[in-house]
Amino acid sequence: MRALPILLLAGLTVAPMAHAQVDAPADVAPSGGGSVSCAELNNRAMEATLVIRQHASVLSTGIDPDAKAQGMVTLAWLDQWAGRLRGLVDVGEFSACLDDGDLETYRRTLAMAARVANTAREELLRPARATTQPQQQQQRRRF
């Protein structure tokens, strides 16, 4: 019988907190609910766009054959951020948080990222050419 008053008391303390989360404005995320506000969604998508542009800029200049490992890492980062932006765009479109202008900007960024990533993949997968000069061959013979 003692458990019943404790459960009732616990229910009374949880109910006002749940009610407070429901009454929060639509643009503010309730604490602990796991949801994100429209402003936060747009901020995260803009951050992803900026990072994608930085990585795409690095990759668009070409990958130095001596720095293929760094090129692969940059390509992986580009892919990761493009995936993150793709998810944010899907959520923003589903929840009607992003307007048509924002959606178009993010879609163009994703298209550009895909083009740059495909070019970088081709460059990374291209077999290295033999660039040994006659002088380099002579130096090898001396050793």
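Heads up: these notes are all about the structure in this document. (Residues numbered from 1 in each chain as written. Predicted model: local features only at pLDDT ≥ 70, side-chain atom pairs only at ≥ 80, totals over all residues. Heavy atoms only, no water.)

**Describing the state of the cysteines**
Right, so step 1: One pass over the structure, following the stated rule, counts one disulfide.
Right, so step 2: Here C38 pairs with C97 through a disulfide, and the sulfurs are 2.0 Å apart. Here the S-S torsion is close to -55°, and the disulfide linking C38 with C97 is therefore left-handed. Pair noted here: C38 is in helix α2 (residues 38-60) and C97 is in the loop between α3 (68-94) and α4 (100-125), with a separation of 59 residues, a long-range link. (Disulfide = S-S within 2.5 Å. Helix = DSSP H or I, 4+ residues; strand = E, 2+ residues; numbered from the N terminus.)

**Details of the pattern of salt bridges**
Right, so step 1: This structure, assessed with the given rule, holds four salt bridges.
Right, so step 2: With a shortest N-O distance of 2.5 Å, R121 and D79 are connected by a salt bridge. Residue R121 is located in helix α4, and its partner D79 is located in helix α3; the two are separated by 42 residues in the primary sequence.
Right, so step 3: Given a relative accessible area of 30%, R121 falls into the partly exposed group.
Right, so step 4: Classification of D79 by relative accessible area gives partly exposed; the value is 33%.
Right, so step 5: A salt bridge links E104 to R108, with the nearest nitrogen and oxygen atoms 2.9 Å apart. Of this pair, E104 and R108 both sit in helix α4, four residues apart, which is roughly one turn of that helix.
Right, so step 6: The class of E104 is partly exposed, set by a relative accessible area of 37%. (Salt bridge = Lys/Arg side-chain N within 4 Å of Asp/Glu carboxyl O. Buried < 20%, exposed > 50% of the residue type's maximum accessible area, 1.4 Å probe, protein only.)

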